[in-house]
Amino acid sequence: FTGVLLADACVRDVVTLDTTVQRIYGDAFALDAFEDQPIRLRHLTTHTSGLPRLPSNLDVGDDSDPYVDYGAELLFAFLDGFEPTRAPGEKYAYSNLGTGLLGHALARVQETDYPNLLRVRITEPLDMDDTGVKPTDSMLERLAPPYDVDGNPRTSWRFDVLAGAGGIRSTGNDMFLFARAALDASDTPLAEALPRSMEILSGPPASRPIAYGWHTAMRTRTRWHNGQTGGYHSFLAVWPEGDAAIFVLANSDTALVDALGTNGMRALMGEDTRPLEIREAIAMEPDALAEYQGRYKLGVFASLRVHLDDGRLTAQLTGQPALRIYPEAKDRFFYRAVDAQLVFERDEAGKVVAVTLHQDGDETRGKRRE
């Protein structure tokens, strides 16, 4: 949605892809440029800005409603002190912060707020009456209650300044309208903006092909995105050439939604589907689980904290909430909230000394720090 708002603003010459973040915000903060290369809107929408996944002054320790109190003052304070370590456009690294900043910037330059911009430019023109950041009383009455992957109740998150990164609520009927418009917007007010939002933007050779917020798959034939907040997970994919789309909305924060949606799209395209892998956890005594506790260094700025609490083992990446992990064998654990696995290593004495994170086809190894 935020990518479509960018495409719409470009169509109407409100901004260009090369408009800098600093130009929009003026003296609200001073965003350092890496070797005089400023962050532009194209970098925010393609996740090549160099901004982290989340700002360091966002408290994710309590994941019951982590975004509700994160307003513009905190965002500006973070950006004012942010020191980039690489040039914009150099590398893909998904950033919720970058998408939230993009949504806020687009609203600011049009002298409104993100919820209202979304309503005026997308939901009202497409007759999506049950879609928005600020749910109506009617929407709240019909809101599916959130649950975690173990069936425990969660809290429905609320967003402030970073609403453009994940604060939208919708329904199956409304997502049908959005998907249909994404396939053919000719009879809508977004006749130019929606097709443009799917155009792949240039990026570094090693970067992933990304459009205006849309990711690509199936040899760039499809455009897709997913999202997960406390107790919810969503997936949308469109195949313009085949005039087909699929979306899955679930009131459980499980990555199986992505696998289900991906399989559905592959089936629509006549491709082989991949059976869902339902991993089964084994029983493990607390003393055995305690052996894995510690902090593992995964990079210059990232680490993984493994912690045992009330017999449950959690793993927390820098800047992200702690997620429970489940043993499937000795030294092998898996997440249920995301499609990722952890494989621990031991030294000759049998002590856990390292871990490898397997996610999205990548492997990241980190040594344990005392």
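Quick notes on the rules
In this convention, every chain numbers its residues from 1, walking through the sequence in written order. Local features in a predicted model are, by the rule used here, given only for residues with pLDDT of at least 70; side-chain atom pairs are given and counted only at 80 or more, and totals for whole chains, interfaces and linings are based on all residues. Side-chain figures throughout are based on the complete set of non-hydrogen atoms in the structure, without hydrogens or water. By definition, any uninterrupted DSSP run of H or I lasting at least four residues is a helix, any uninterrupted run of E lasting at least two residues is a strand, and each is numbered from the N terminus. Relative accessible area decides the class of each residue, using a 1.4 Å probe on protein chains only: under 20% of the type maximum gives buried, over 50% gives exposed, and in between gives partly exposed. Here is the rule: rings of Phe, Tyr and Trp (six-membered ring for Trp) pair when centre to centre is within 6.5 Å. Planes less than 30 degrees apart are stacked, more than 60 are edge-to-face, and the remainder are tilted. What goes into a patch is any residue over 30% in relative accessible area without a salt bridge, connected to like charges within 9 Å or, for nonpolar side chains (Val, Leu, Ile, Met, Phe, Trp, Tyr), within 5 Å. With residues, only the protein chains shown are counted as cover, and all accessible areas are computed by Shrake-Rupley using a 1.4 Å probe. Salt bridges are counted wherever a side-chain nitrogen of Lys or Arg sits within 4 Å of a carboxyl oxygen of Asp or Glu. His is not counted, nor are the chain ends; Lys and Arg add positive charge and Asp and Glu add negative charge. Where a charge lies is defined by one atom per residue type, namely NZ (Lys), CZ (Arg), CG (Asp) and CD (Glu). Each nonpolar core is a collection of buried residues, namely Ala, Val, Leu, Ile, Met, Phe, Trp, Tyr and Cys, held together in the definition by side-chain atoms within 4.5 Å. Any two residues having at least one pair of non-hydrogen atoms within 4.5 Å are treated as being in contact. Every definition here rests on a 1 Å grid over the protein atoms only: cavities are sets of points where a 1.4 Å probe fits but cannot get out, pockets are open sets enclosed by protein on both sides within 12 Å along at least five of seven lines, and lining residues have some atom within 4 Å of a point. Grid points are joined across faces, edges and corners, and a volume is the space filled by probe spheres set on the points. For this classification, Asp, Glu, Lys and Arg are treated as charged, while Ala, Val, Leu, Ile, Met, Phe, Trp, Tyr, Cys and Pro are nonpolar and the rest, including Gly, are polar. Take the residue count of a helix, subtract one, and multiply by 1.5 Å to get its expected span. Axis lines are fitted to C-alpha atoms, over the contacting stretch for helices. Their N-to-C directions set the angle, which ranges from 0 to 180 degrees. We call two directions roughly parallel when the angle between them is under 35 degrees, roughly antiparallel when it is over 145, roughly perpendicular when it lies between 65 and 115, and oblique otherwise. Helix crossings fall into two classes, left-handed where the near helix is turned counterclockwise from the far one by less than a right angle and right-handed where it is turned clockwise. Each pair of strands is called paired provided DSSP finds at least two bridges between the two strands.

## Focus: the side chain of threonine 123
Positionally, threonine 123 belongs in helix H6 (residues 114–123). The exposure class assigned to threonine 123 is buried, which follows from its relative accessible area of 3%.

## Some points on the packing of aromatic side chains
Scanning the entire structure with this criterion turns up 13 aromatic pairs. An angle of 25° between the planes, with centres 4.5 Å apart, marks the rings of tyrosine 67 and phenylalanine 159 as stacked. In this pair, tyrosine 67 sits in the loop between helix H3 (41–45) and helix H4 (72–81) while phenylalanine 159 sits in the loop between helix H7 (137–141) and helix H8 (172–183), placing the two residues 92 residues apart along the sequence. Take tyrosine 67: its relative accessible area is 9%, and that puts it in the buried class. The exposure class of phenylalanine 159 is buried, given its relative accessible area of 15%. The rings of Tyr292, Tyr296, Phe333 and Phe344 are connected pair by pair, giving a single aromatic cluster.

## A word on a negative patch on the surface
A contiguous patch of negative charge on the surface is contributed by Asp339, Asp360, Asp362 and Glu363. Its place among the elements puts glutamate 363 in strand S12 (residues 362–369).

## Brief notes about the pattern of salt bridges
One pass over the full model with this rule turns up 16 salt bridges. Taking the shortest distance from any N to any O, the salt bridge between arginine 119 and glutamate 124 comes out at 2.7 Å. On the basis of relative accessibility, which here comes to 46%, the residue glutamate 124 falls in the partly exposed class. Here aspartate 150 ties to arginine 336 by a salt bridge, and the two come within 3.1 Å at their closest N and O atoms.

## Considerations on the nonpolar core
Grouped together as the largest cluster of nonpolar side chains are 61 residues, with contacts concentrated most on Leu6, Leu75, Leu106 and Phe178. Leave out the neighbours within four places in its chain, and leucine 75 touches Tyr70, Leu97, Leu101, Val161 and Leu162. Grouped together as the second largest cluster of nonpolar side chains are 19 residues, Phe333, Tyr335, Leu342 and Phe344 included.

## Thoughts on the layout of surface pockets
The space that makes up the second largest pocket amounts to roughly 230 Å³. Here the lining of the second largest pocket gets five residues from one element, more than from any other, and that element is H6. A breakdown of the residues in the lining of the second largest pocket according to their chemical character gives five nonpolar, five polar and five charged.

## Here we look at helix H5 (residues 96–109)
Every α-helix carries 3.6 residues per turn, so stepping three or four residues along brings you back to the same face. Here H5 contains 14 residues, and its C-alpha end-to-end distance of 20 Å stays within 8% of the 20 Å for a straight helix at 1.5 Å per residue. In terms of burial, H5 is largely enclosed, as 12 of its 14 residues are buried. Within the sequence span of H5, burial applies to Asn96, Leu97, Gly98, Thr99, Gly100, Leu101, Leu102, Gly103, His104, Ala105, Leu106 and Ala107. Looking at the packing, one finds that the buried side of H5 touches helix H1 (2–11), helix H2 (21–25), H3, H4 and H6. The first or second residue beyond H5 is glutamate 111, which carries a positive phi of 55°.

## As for helix H10 (residues 256–268)
With 13 residues, H10 extends 18 Å between its outermost C-alpha atoms, agreeing within 8% with the 18 Å of an ideal straight helix rising 1.5 Å per residue. Within H10 the residues assigned to the buried category are Val257, Asp258, Gly261, Asn263, Gly264, Met265 and Arg266. In the core, the buried residues of H10 are packed alongside strand S2 (222–229), strand S3 (232–239) and strand S4 (244–250). Two residues or fewer after H10 comes glycine 270, characterised by a positive phi angle close to 75°.

## Focus on the packing of H1 against H5
The contact between H1 and H5 brings their axes to 10 Å, and the two run at 40°. Our classification of the angle between H1 and H5 gives oblique. Here the hand of the crossing between H1 and H5 comes out left-handed. From H1, Thr2, Leu5, Leu6 and Ala9 reach across to H5, where they touch Thr99, Leu102, Gly103 and Leu106. Class assignment of the residues belonging to the contact of H1 with H5 gives a composition of five nonpolar, three polar and no charged.

## As for the pairing of strand S7 (residues 312–317)
Consecutive side chains of a regular strand alternate in pointing toward one face of the sheet and then the other. As judged from the six bridges shared by strand S6 (residues 303–309) and S7, these two strands associate in the antiparallel manner. Paired with valine 306 across the strands is alanine 315, a residue of S7. Hairpin connection from S6 to S7: two residues lie between these consecutive antiparallel strands, with aspartate 310 at a positive phi of about 55°. As defined by bridge partners, S7 adjoins strand S8 (residues 323–329) across two bridges and the pair is classed as antiparallel. Paired with threonine 314 across the two strands is arginine 324, which belongs to S8. What sits between S7 and S8 in their antiparallel hairpin is a turn of five residues, with glycine 319 showing a positive phi close to 80°.

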